[in-house]
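This is what each chain is made of:
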Amino acid sequence: GRDTFACSWLDRVQLLEEVVSTQEEAKKLAENGAPEGTSVRAEEQTGGRGRMGRKWHSPRGKGIWISIVLRPELPLSLTPQLTLLAGVAVCTAIREVTGVQAGIKWPNDLLAGGRKICGILLESSLREGGLHYCIAGIGIAVNLTEEDYPQELKSIGTSLLIEGGGIPVDRTVLTEAVLTELEYLYILYSEQGFKPIRELWESMSVTLGRQVCYNTPEGRCEALAVGLDDNGGLLLKDRTGAVMSVLSGEIEMI
Ligand code: BTN
């Protein structure tokens, strides 16, 4: 079980001072054959990247900016499940180490007090039409103060320090908890499939049971979030009772 689980990924963390993005550093390692679980963490990212081409604010010494090499044997269509798995791992680690009651907004933003505390970026590299490797990028706003956020992010972002009542969090301890949880769930997933991960995700989700807004080619729609489908997509039920799933993109909780 989890309590006696010895994490082997902990032995393969590289800590760098300043990088453009840990995603690129991890990719280089993966291309050179680095084994699964190899990771790169940086004190500062000068060009941190978020989903949808956005920037990721990564000030020096304030967060956990880390990218992990994964080599899953999966069809490409199932990689969204890994994204959800990573969200569950980080959410569990945050709750355990800090007591902050983070929740998961689909697909994998972690929120606390209604604002974002962590973002996850899963990037896949293909070879011969199949999956070659994945890089799981995790950014956790650990010890940022309100002043560390630029004006335009103040209403969107928070940190474990802010949500935990001003108590700084040891980033090494939290990094170890994240990697341990991630490796544990990854093994569980390879042995038992998506079901246990999906159940954990659903129990930590702040999206299920809420009305959400999303964009379609036909315009903005509103529906109730009711569950996850087998691929990790979000199941939505509209006013007519029709159920559909969205696989990627943005939703807004209303
Ligand atoms: C998002 O919410 O849009 C995803 C943010 C992912 C940020 C992390 S920080 C470590 C890794 N390196 C990057 O450049 N991005 C990811």
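Residues numbered from 1 in each chain as written. Predicted model: local features only at pLDDT ≥ 70, side-chain atom pairs only at ≥ 80, totals over all residues.

The name that an unreviewed UniProt entry assigns to the chain is biotin--[biotin carboxyl-carrier protein] ligase, with the source organism given as Paenibacillus helianthi.

Participant: A description of unusual backbone geometry should follow, citing residues and the corresponding values.
Facilitator: Residue P107 is reached from W106 by a cis peptide bond, and omega for that bond is 0°. You can see P107 is positioned in the loop between β4 (103-105) and β5 (109-112). Despite not being glycine, M52 has its phi angle at roughly 60°, a positive value. Relative to the helices and strands, M52 is located in the loop between β2 (39-45) and β3 (63-70). The exposure class assigned to M52 is exposed, which follows from the 9 C-beta atoms found within 10 Å. Here E128, not a glycine, exhibits a phi torsion of approximately 50°, which is positive. With respect to the helices, strands and loops of the structure, E128 is situated in the loop between β6 (115-127) and β7 (130-141). Overall, the presence of 6 C-beta atoms within 10 Å leaves E128 in the exposed class. (Helix = DSSP H or I, 4+ residues; strand = E, 2+ residues; numbered from the N terminus. Buried ≥ 20, exposed ≤ 12 C-beta atoms within 10 Å, placed from the backbone.)

Participant: Could you give an account of the sheet that holds strand β10 (residues 234-237), naming the residues involved and the relevant values?
Facilitator: Ordered by their spatial adjacency, 5 strands build an open sheet running β11-β10-β9-β8-β12, and the pairing between neighbours is antiparallel. Here the strands that pair on one side only, and so sit at the sheet edges, are β11 (243-246) and β12 (251-253). Strand-to-strand twist of the sheet, defined as the mean angle between neighbouring strand axes without regard to direction, takes the value 45°. Judged from the 4 bridges that link them, strand β9 (residues 219-228) and β10 form a sheet pairing that is antiparallel. By the bridge assignment for β10, A225 is matched with L236. (Pairing = 2+ DSSP bridges. Axes fitted to C-alpha atoms, helices over the stretch in contact; angles between N-to-C directions.)

Participant: Quick rundown of the pairing of β2? Include the residues and the values.
Facilitator: Within a regular strand, the side chains alternate between the two sheet faces. Burial within β2 is extensive, with 5 of its 7 residues counted as buried. For strand β1 (residues 13-19) and β2, the ladder comprises 6 bridges, and the chain directions are parallel. Note that in β2 the partner of E18 across the bridge is E44. The parallel pair β1 and β2 is bridged by helix α1 (residues 22-31), and the resulting crossover is right-handed. (Right-handed = clockwise from strand over helix to strand, strands pointing away.)

Participant: Requested: an account of the site of the ligand, with residues and values cited.
Facilitator: Close to the ligand lie 20 residues; S21, G50, G119, G137 and G139 are nearest. Mapped by element, the contributors of at least two residues to the shell around the ligand are α1, β3, β6 and β7. A class-by-class count of the residues in the shell around the ligand yields 6 nonpolar, 10 polar and 4 charged. (Near = placed C-beta within 6 Å. Nonpolar A, V, L, I, M, F, W, Y, C, P; charged D, E, K, R; others polar.)

Participant: Let's hear about the UniProt feature "domain: BPL/LPL catalytic" (unreviewed entry) in the chain: which residues, and what values?
Facilitator: Summarizing the sequence annotation, UniProt attributes the feature "domain: BPL/LPL catalytic" (unreviewed entry) to residues 2-190 in the numbering used throughout. Along residues 2-190, the helical share is 29% and the strand share 29%, with 15 Å between the first and last C-alpha atoms. (UniProt positions renumbered as here; feature names shortened; annotations may be inferred.)

Participant: Before we move on, could you go through the domain arrangement of the chain and cite the residues and values that matter?
Facilitator: Where interface size is quoted, it is often the accessible area lost as the parts come together. As far as domains go, the chain holds domain 1 (2-204) and domain 2 (211-253). Summarising the inter-unit geometry, the C-alpha centres of domain 1 and domain 2 are found 25 Å apart. Each partner contributes residues to the interface: domain 1 has 11 residues there, and domain 2 has 9 residues. Elements represented by at least two residues in the side of domain 1 that touches domain 2 include exactly α2 (79-98) and α5 (195-204). Examining the composition of the side of domain 1 that touches domain 2, we find that 4 residues originate from one element, α2, more than from any other. Residue composition of the side of domain 1 that touches domain 2, grouped by class: 5 nonpolar, 3 polar and 3 charged. (Domains from an automatic or database assignment. Contact = placed C-beta atoms within 7 Å.)

Participant: Explain α5 to me, and be specific about the residues and the numbers.
Facilitator: Within the sequence span of α5, burial applies to I197, L200 and W201. One side of α5 carries all its buried residues, which in axial view fall inside an arc of 100°. Exposed residues pointing more than 90 degrees away from the buried face of α5 are listed as K195, E199 and S203. In this fold, the buried residues of α5 make contact with α2, β4, α4 (171-192) and β9. (Arc of directions from axis to C-beta.)

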